[in-house]
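The lines below spell out each chain.
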Amino acid sequence: MNSYNLTTLIEFIIAKQADFPGAKGELSRLLYSIGVAAKMINKKVNKAGLVDILGTAGNINIQGEEQKKLDVFADQQLIGSLKASGEVCGVASEENDEIVVFDHEMSKDAKYLVCMDPLDGSSNIDVNVSIGTIFSIYRRLSPRGTKPGLEDFLQEGSKQIAAGYIIYGSSTMLVYTTGKGVNGFTLDPSLGEFCLSHEHIQTPPGSMYSINEGNYLAFPEGIKRFIKYCQDVDPANKRPYTSRYIGSLVADFHRNLLKGGIFLYPQTHKNPEGKLRLLYECNPMAFLAEQAGGKASHGNGRIMDIVPGSLHQRIPFYTGSTNMVDKVEEFLMA
Ligand code: P6P
């Protein structure tokens, strides 16, 4: 705690380092480097309407989506910051078809790797809707001093060391977990520091559902029944529930994390495997959801138990308040 009675991100990270006996500060430095990149990205995102970085960069990423300039900037900023930290041996990013290996001496010996979506919700950039950065941190499996390979990145979500997101919204917040609870930090622009604002976040039981009902006809029958359940009148269960859908995962997830609710992205005609990516969207959000007392499922099991088959694998995703995720599984398994 400093003289402002504020706990900055780096003060918190260092204080929590004590939770890990024998920690030498590598994870602390890694998390701090993500905070630095987030501030650089925030600066650009806040000025997106003023500076010529709107519109597409002309490239098409592996998802078949046009890359917007801010996506490219965010990817480059994070890769640069993670590389400079010396604590990361490689990165899997939504914006890069293959893994990005850091092959200079300092990084080859690093014990961590990062999976990330540098700027999720990019379709909302031009219309001033909240967007976000999502990250997930693992220990490498391959020996230190060698180049990491694909197998280092295809670990199940339960092996995550840390995960979090930055939401660039009415305020900019960094929310993360290292497996000892979830904490949120709000950027104070006057200080240029993320300051602890939401300590030990716990997700309450929910009565809000978040899904793109435009895909209703393609949903599994169990999801159609769950939606009708949410819309059915039952005062004892506070139904009908409220529906909220922003169309930006980090924004929809953040609201549910704090207030309770469920986010659903089932299989659709366009995305028969689901739209969201297991490695750098579902797993980090699942880690956070569980650490906040919620759940994350792919419909008939825990998201974090899935062994990934490929870097950009998609999967149906249901996450949020335990009472609502349990209800979705009940309908899907009936
Ligand atoms: P739809 C944004 O493009 C994204 O990847 C997530 O942030 C968001 O939850 C989802 O897609 C929205 O998809 O099909 O409803 O527009």
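Residues numbered from 1 in each chain as written. Predicted model: local features only at pLDDT ≥ 70, side-chain atom pairs only at ≥ 80, totals over all residues. Heavy atoms only, no water.

(A) Spatial organisation of the sheet that holds strand S15 (residues 317-320). Taken together, five strands build an open sheet; the order of strands is S12-S11-S13-S15-S14 and the sheet is mixed. Strand pairing shows two members of the sheet lacking a second neighbour, strand S12 (242-243) and strand S14 (295-297), which therefore form its edges. Alignment of strand S11 (residues 208-210) against strand S13 (residues 262-265), held across two bridges, turns out to be parallel. Bridged to Ser210 within S13 is Phe263. Most of the contacts of helix H8 (residues 278-291) go to S15, to which it runs at about 30°, and overall it touches S14 and S15. (Pairing = 2+ DSSP bridges. Helix = DSSP H or I, 4+ residues; strand = E, 2+ residues; numbered from the N terminus. Contact = heavy atoms within 4.5 Å. Axes fitted to C-alpha atoms, helices over the stretch in contact; angles between N-to-C directions.)

(B) Inspection of the domain arrangement of the protein chain at higher detail. Taken as a whole, the protein chain is organised into domain 1 (9-198) and domain 2 (208-332). Measuring from the centre of the C-alpha atoms in domain 1 to the corresponding centre in domain 2 gives 23 Å. Contacts between the two partners involve 49 residues from domain 1 and, on the opposite side, 33 residues from domain 2. Taken over both partners, the interface formed by domain 1 and domain 2 buries close to 2800 Å², and the fraction arising from carbon and sulfur atoms is 66%. On the domain 1 side of the interface with domain 2, the three residues burying the most area are Ile134, Leu154 and Tyr165, jointly 21% of the side's total. Our count for the domain 1 to domain 2 interface comes out at one salt bridge. In this assembly, domain 1 and domain 2 are joined by 11 residue pairs in polar contact (both at pLDDT 80 or more). Of all the elements in the fold, those that place two or more residues in the side of domain 1 that touches domain 2 are strand S3 (88-93), strand S5 (112-120), strand S6 (131-139), helix H5 (150-153), strand S7 (162-168) and strand S8 (172-177). Within the side of domain 1 that touches domain 2, the residues separate by chemical class into 23 nonpolar, 18 polar and eight charged. (Domains from an automatic or database assignment. Buried area = accessible area lost by both parts, 1.4 Å probe. Salt bridge = Lys/Arg side-chain N within 4 Å of Asp/Glu carboxyl O. Polar contact = N/O pair within 3.5 Å; in protein donor to acceptor, adjacent residues only side chain to side chain. Nonpolar A, V, L, I, M, F, W, Y, C, P; charged D, E, K, R; others polar.)

(C) Quick peek at the packing of helix H1 (residues 9-16) against helix H2 (residues 26-46). Where H1 meets H2, the axes come as close as 10 Å, and the angle between the chain directions of the two elements is 160°. Relative to H2, the element H1 is oriented roughly antiparallel. By crossing handedness, the relation of H1 to H2 is classed as right-handed. Facing H1, whose interface residues are Leu9, Ile10 and Ile13, H2 presents Ser28, Leu31, Tyr32 and Gly35. The residue makeup of the contact of H1 with H2, split by class, is five nonpolar, two polar and no charged. (Parallel < 35°, antiparallel > 145°, perpendicular 65-115°, else oblique. Left-handed = near helix turned anticlockwise from the far one by under 90°.)

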